[in-house]
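Summary of structural features
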Amino acid sequence: QTTRPAVSSDLPSELSSLYAEFPSIVGRSVALADVIRRIKKLQKSDSPVLVIGEGGTEKAEVARAFHTGSEEKLFFFDCYEYREKLHELHYELFGKETENITGIVIDKKAAFELAGDGTVILANIEHIDLELQRKLLTLITENQFKRLRGAAPVSAGKFRLVVTSSTRLNER
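Residues numbered from 1 in each chain as written. Predicted model: local features only at pLDDT ≥ 70, side-chain atom pairs only at ≥ 80, totals over all residues. Heavy atoms only, no water.

Examining the sheet that holds strand 1 (residues 49–52)
Adjacent strands of a sheet pair through backbone hydrogen bonds, lying either parallel or antiparallel. Defined as follows: Here a strand pair is declared whenever DSSP counts at least two bridges between the two strands. The secondary structure listing takes helices from DSSP runs of H or I that are at least 4 residues long and strands from runs of E that are at least 2 residues long, numbered from the N terminus. A fitted line through C-alpha atoms serves as each axis, taken over the contacting stretch for helices, and the angle formed by two N-to-C directions is quoted from 0 to 180°.
If you trace the 4 strands from one edge of the open sheet to the other, you get 1-8-5-2, paired in parallel fashion. Strands at the two margins of the open sheet, each flanked by one partner only, are strand 1 and strand 2 (74–78). Strand after strand, the sheet turns through a mean of 15° between neighbouring axes, direction not considered. As defined by bridge partners, strand 2 adjoins strand 5 (residues 119–123) across 5 bridges and the pair is classed as parallel. Each residue of the ladder has a partner; that of Phe77, found in strand 5, is Leu122.

Some points on helix 2 (residues 30–43)
Selection rule: The span expected for a helix works out to 1.5 Å for each residue beyond the first. Using a 1.4 Å probe on the protein chains alone, a residue whose accessible area is under 20% of its type maximum counts as buried, one over 50% counts as exposed, and one in between counts as partly exposed. The directions considered for the arc run from the helix axis to the C-beta atoms.
Taking 1.5 Å per residue, 14 residues should reach 20 Å; helix 2 reaches 20 Å between its end C-alpha atoms and fits that length. Residues of helix 2 that are buried include every one of Leu32, Ala33, Ile36 and Ile39, and no others. Buried residues of helix 2 fall within an arc of 110° about the axis and therefore sit on the same side. Looking at helix 2, the residues exposed on the side facing more than 90 degrees away from the buried face are Val30, Arg38 and Lys41.

Some words on the side chain of Ser165
Rule in force here: N or O atoms within 3.5 Å of each other form a polar contact, as long as, within protein, one can give a hydrogen and the other can take it, and as long as residues adjacent in sequence are counted only when both atoms are side-chain atoms. In this description, contact between two residues means that some pair of their heavy atoms is separated by no more than 4.5 Å.
Within the secondary structure layout, Ser165 lies in strand 8 (residues 160–165). In this structure Ser165 comes out as buried when scored by relative accessible area, which is 0%. A polar atom in the side chain of Ser165 sits 3.1 Å from the side chain of Glu126. Filtering out sequence-adjacent residues up to four positions away, Ser165 remains in contact with Leu50, Val51, Ile52, Gly53, Lys59, Ile125 and Glu126.

A short note on the side chain of Asn124
Here Asn124 shows up in the loop between strand 5 and helix 6 (130–142). Exposure remark for Asn124: the relative accessible area of 18% places this residue in the buried category. Sequence-distant contacts of Asn124, that is, excluding residues within four places in its chain, are made with Asp78, Cys79, Tyr80, Thr164 and Ser166.

What to know about the packing of helix 4 (residues 86–94) against helix 6
Heads up, the rule is: Orientation is classified from the angle alone, with under 35 degrees giving roughly parallel, over 145 giving roughly antiparallel, 65 to 115 giving roughly perpendicular, and any other angle giving oblique. By convention, the crossing between two helices is left-handed when the near helix turns anticlockwise from the far helix through less than a right angle, and right-handed when the turn is clockwise. The residue classification treats Ala, Val, Leu, Ile, Met, Phe, Trp, Tyr, Cys and Pro as nonpolar and Asp, Glu, Lys and Arg as charged. All others, Gly included, are polar.
It is the contact of helix 4 with helix 6, at a shortest axis distance of 11 Å, that shows an interaxial angle of 15°. Judged by the angle between their axes, helix 4 and helix 6 are roughly parallel. Where helix 4 crosses over helix 6, the two elements pack in a sense that is left-handed. For the pair formed by helix 4 and helix 6, the contact residues are Leu89, His90, Leu93 and Phe94 on the first element and Glu131, Leu132, Lys135 and Leu136 on the second. By residue class, the composition of the contact of helix 4 with helix 6 is 5 nonpolar, 1 polar and 2 charged.

By themselves, these figures tell us nothing about what the structure is for.
See below:
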């Protein structure tokens, strides 16, 4: 059984101002304020972020908080919802191209292209397959990807990638 951190209605004003910046994060505690401080620090970085927590701990809201204050696009994908149709998730994330007589036709641009300087959130990433994991690793390490049925690599934008998981991925 887990216990929740004590919630105080009279948190110091510094904590109240932290919470005001992230109104979608529900709950008030010193421990949660520490999470918000980490979010603020990591918002300045372009590194991918992994949010791990038990079910029901608002991981998706914490992930969305990384986009707070941004005017750029936000793409949110819940991998759990795609678990029976991972090909659709591949299509959304990496786009698709086909070739016809006149040359290459892009049927769909990838979320990683469309995001620009925005944020791409992959919630419940523990539900993706090994092929998608490999593609994401290439994307993260080389900042490029291949569309479905595509031959040439495509440069990704400067988007922020935030993923969530209810399990430690190395324990799967």
